[in-house]
Amino acid sequence: MKKSFVSVCIVLIFSVAGKCQNVSNLQVSKIISSTDTSLFDLDKILEITLKGNMQKLLNNRNGEAEYFPILLSYKNGQGNEVVVPIQVKTRGHFRREKTNCTYPPLLLKFPGNNKNFSYFPANSSLKLVMPCRGDQFTVHEWLVYKLYNLVTPQSFRARLVKVNLENENNKIVASPFYGIILEEEKQMARRNNGVILKKKIKPQEIRQQSFLKMAVFEYLIANTDWSVEYLQNIKLVAATPKSAPVGVPYDFDLAGIVNSPYAKPAEELQMRSVRERRYRGYCVPDMKLFDSTIAFYNGLKTKIYDTYTNCSLLDSKYVRSTIQFLDEFYATLNNPKLLKRAFQYPCLPGGTGDVIIKGLKKK
């Protein structure tokens, strides 16, 4: 891992400006007040320690996942250690397999009696994204969540954390690494005055302008690993169980902008690389319906670029390649001929814009 990436600093990302701002000569923040209203109200990197039978937990990769008792600790605003007894299990599919990833993703289950001594939500189950093959890609994925926070509040909030793993005998399991704690889906829905819908629907049933904004975002980051109809990396949020929902995307590790070493497009899409963009929305023959979405992303351009150019956690090579990648998106967005070719792809008889990916029917 490159030295420029692992230098110790505090990084603040403001959801309004979409920036990483470096504060020099300061350590990763351990100062978290127990009076914070939400885990996601701050963007300082939070350092946490998970202590317990970590080998057994991390090796629980096959079959039904088992919960293990783990102690989660961090420093509060007074510098005192706060210890929360939680239950943790492995989760996921591809990233849970040991042959694919170094660490499996985890689910952190918090008890109901931690309300008075922990700022982690009581009675919650929070996803912890762990590094698959190098934690620089975890940071890349975290930034995608921050990008989508710029697009809409109907998005998952994400907190970058520095994770320490210890066994019960205080033996360190591995060097500290970056992880991502994701907002619980019900909390995200409540924050947007809505509820989660579990039913599968056609993408045309989503509110059209919100769908186009989401689908164009997936195109921007070059992510094809999503499906509304099969709820693949999409949550549906609606004001009521019977009202038209919006789609909320998550799980961006296969996006081209993240550029994970294991990321490959589905065979059915007939694509060479995840860095190749493919619009995966449904057929919208009238290109004028994209006008407001195009104007929206043009207006957001500076904040999107600033997210990468102002972030000291990224090495210069990745920043340069990402800026070029974004340039290609905006070149398409503002060229009527290229734009029509890209966004009309699902309308082609032989196109794969809305093809069903193998295995999704079984979900």
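In this text the structure is predicted, and so the values were computed from the model without any measurement. (Residues numbered from 1 in each chain as written. Predicted model: local features only at pLDDT ≥ 70, side-chain atom pairs only at ≥ 80, totals over all residues. Heavy atoms only, no water.)

Student: Looking at this structure, how should I read the pairing of strand 4 (residues 68–75)?
Tutor: Working note: regular strand, side chains alternate between the two faces of the sheet. By the bridge criterion, four bridges tie strand 3 (residues 46–52) to strand 4 in an arrangement that is antiparallel. Note that in strand 4 the partner of Gly 52 across the bridge is Ile 70. Here strand 4 pairs with strand 5 (residues 81–90) via eight bridges, running antiparallel. Bridging from a neighbouring strand, Ile 70 pairs with Ile 86 of strand 5. (Pairing = 2+ DSSP bridges. Helix = DSSP H or I, 4+ residues; strand = E, 2+ residues; numbered from the N terminus.)

Student: What is the right way to read helix 6 (residues 291–299) from this model?
Tutor: For an α-helix, the turn length of 3.6 residues means that residues three or four places apart are oriented alike. Thr 293, Ile 294 and Tyr 297 are the residues of helix 6 that are buried. In an axial view of helix 6, the angular spread of the buried residues amounts to 100°, which keeps them on one side of the axis. Residues of helix 6 that are buried sit in contact with helix 3 (136–151), helix 5 (208–220), helix 7 (301–309), helix 8 (316–333) and helix 9 (336–343). (Buried < 20%, exposed > 50% of the residue type's maximum accessible area, 1.4 Å probe, protein only. Arc of directions from axis to C-beta. Contact = heavy atoms within 4.5 Å.)

Student: Looking at this model, I keep getting lost on the packing of aromatic side chains. Mind explaining?
Tutor: The description of an aromatic ring pair uses the distance of the two centres, along with the angle that the planes make with each other. Scanning all chains against the criterion turns up 20 aromatic pairs. Aromatic side chains Tyr 145 and Phe 252 sit 4.9 Å apart centroid to centroid with 65° between the ring planes, which places their arrangement in the edge-to-face category. Remark: Phe 252 occurs in the loop between strand 12 (246–249) and helix 6 and Tyr 145 occurs in helix 3; sequence separation between them is 107 residues. Neither Tyr 145 nor Phe 252 differs from the other in exposure class; each is buried. In this structure an aromatic cluster arises from ring pairing among Tyr 219, Tyr 279, Phe 290, Phe 296, Tyr 297, Tyr 305, Phe 329, Tyr 330 and Phe 343. Across the ring face of Phe 296, the terminal group of Lys 213 is positioned such that the distance to the ring centre comes to 4.0 Å. For Arg 277, the ring lying beneath its charged end belongs to Tyr 219, and the centroid distance is 6.0 Å. (Phe/Tyr/Trp six-rings, centres within 6.5 Å; stacked < 30°, edge-to-face > 60°. Lys NZ or Arg CZ within 6 Å of the ring centre and 35° of its normal.)

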